[in-house]
Structures are given as structure tokens and as C-alpha cells.
Amino acid sequence: TDPMPRPVGYVRVTFEAEKGLKLTEQKAYYVKKNAGITLGNKDLVKPKYSEDTGYKFKEWDKEDSLEIEVTDIVVTAKATKLDNVIPEKDDKGNKNDKPEGYKEVNFVVKSGDETKGSIDGVAKFYVNPNEYVTINPPEAKPNTGYEFGSWSPDATIPTNYKADTTITASFN
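What counts as what
Residues numbered from 1 in each chain as written. Predicted model: local features only at pLDDT ≥ 70, side-chain atom pairs only at ≥ 80, totals over all residues. Heavy atoms only, no water. Helix = DSSP H or I, 4+ residues; strand = E, 2+ residues; numbered from the N terminus. Rg over C-alpha atoms; globule rule 2.2 N^0.38 Å. Contact = heavy atoms within 4.5 Å. Areas by Shrake-Rupley, 256 points an atom, 1.4 Å probe, with all protein chains shown as cover. Lys, Arg positive; Asp, Glu negative; His and termini not counted. Charge placed at Lys NZ, Arg CZ, Asp CG, Glu CD. Pairing = 2+ DSSP bridges. Axes fitted to C-alpha atoms, helices over the stretch in contact; angles between N-to-C directions. Buried < 20%, exposed > 50% of the residue type's maximum accessible area, 1.4 Å probe, protein only.

**Observations concerning the overall build of the protein**
Consideration 1: Secondary structure summary: the protein contains 0 helices and 13 strands in total.
Consideration 2: Listing the helices and strands of the protein from first to last along the sequence gives β-β-β-β-β-β-β-β-β-β-β-β-β.
Consideration 3: Relative to the compact-globule value of 16 Å for 172 residues, the protein shows a C-alpha radius of gyration of 25 Å, a clear excess of over 25%.
Consideration 4: At a minimum sequence separation of 6, the contacts of the protein that also span at least 24 residues come to 58%.
Consideration 5: Carbon and sulfur atoms make up 46% of the accessible area of the protein, which amounts to about 10700 Å² in all.
Consideration 6: When the 25 positive and 29 negative side-chain charges of the protein are each reduced to one mean point, those points stand 4 Å apart.

Here is the structure:
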């Protein structure tokens, strides 16, 4: 079926989305030229959208106050690219939300090594499963008489975390 032909004296308002967002419905409107109608008009309902993993909806690129005059308008959904690695807590100790689709990487002390040392710092990270990432592990603190061995696996090697992962500190 062909879309409705453009009525004489009308402009077309259409919608699209940037990379990271997908419109889940198609909407287009014909609006009478120079009729004092703005994009925020209740009859111009913006389409719904979905967010790809690693992206968040930011805003529409045109203000609702924009008056529709004589030219066609394309309104674009703008996306914010999220960091590929997000610590569970920010610098101030506030909890960050786990983005939709991200995997958890937890740093722990190897079972049986708890008396040999501890870890200090952020021990949980949210990672984008579609990207290769490196993670700065928390500080491994050996107790007196022991030394830090290694992290297994090594989070400083670029890795694609497709599932929740535990990275273990061992002490010798």
C-alpha cells in the first residue's frame, strides 16, 4: 500500500534514529504549512524506540517548541554511547546502574587464599558484551609474609565478556 499522497499546502514530519537506537514503529505526519503548529502538539506523537546494548536514548534533536512552517522536518532520536566498562560504584562511592544487556565481571580472592591477602577498590564492573575491553583490577593487598600472585584470567588483556565472569586473585 502506498503512503497517503501529500495534501497541497502541507509539510511532512518524519522520524529517524541514530546508531544505537531503533524506532519500533514508523510515524509520519502531514501538517498544514504555517498554521502555528509546533512539534510538541499532542497529535504529533513521537514513535517509540528501543536501545541497543551500550546505548541510551538522549533526546530528540528538535525542540517541541519548533514551529512547523514551510519545509519538511526530520526529527532524529539522539543516542548516548555508554562506556564499555562501568564500575559498580563511581568515584564518590555512589552506585552506578547496570545497563541493559551488560555482563558483570567480579574480582574475588581465590577460595582458600582469604588469609593470605585481600582486594581493595571497586570489585564489580558492568561490561558491554559486544566489545573487547580491558579492566583495571582492584588493588591486591598481600598480608604479611605473602605476595600477590596473579589475576586469573588477566583482565588487562582485551577480552570479550559474553557471560558474567569471576576473576580471581591468588596469593603465594
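**A word on the sheet that holds strand S1 (residues 10-17)**
For sheets, the rule is that strands pair by backbone hydrogen bonds, running either parallel or antiparallel.
Consideration 1: Reading across the sheet, the 4 strands line up as S3-S1-S6-S5 and stay open at both edges, with mixed pairing between neighbours. Each edge of the open sheet carries a strand with a single partner, namely strand S3 (28-32) and strand S5 (55-60). Direction aside, the axes of adjacent strands within the sheet are offset by 25° on average.
Consideration 2: Looking at chain direction, S1 and S3 are connected through 5 bridges and run antiparallel.

**Re the sheet that holds strand S7 (residues 85-87)**
Consideration 1: An order of S7-S10-S8-S13-S12 is seen for the 5 strands of this open sheet, with the pairing classed as mixed. Bordering the open sheet on either side are S7 and strand S12 (148-152), each of which pairs with just one other strand. Taking each pair of neighbouring strands and ignoring which way they run, the sheet shows an average axis angle of 20°.
Consideration 2: For S7 and strand S10 (residues 124-127), the ladder comprises 3 bridges, and the chain directions are antiparallel. The partner of Pro 87 across the bridge, within S10, is Phe 125.

**Side note on the environment of Glu 100**
Consideration 1: Within the fold, Glu 100 resides in the loop between S7 and strand S8 (103-109).
Consideration 2: In this structure Glu 100 comes out as exposed when scored by relative accessible area, which is 71%.
Consideration 3: Note: C-alpha distance between Glu 100 and Leu 23 (77 residues apart in sequence) is 17 Å.

**Details of the side chain of Ser 170**
Consideration 1: Following the sequence through the fold, Ser 170 ends up in strand S13 (residues 165-171).
Consideration 2: Residue classification places Ser 170 among the buried residues on the basis of a relative accessible area of 16%.
Consideration 3: If we ignore the near neighbours within four places in the chain, the residues touching Ser 170 are Lys 110, Asp 113, Phe 148, Gly 149 and Ser 150.

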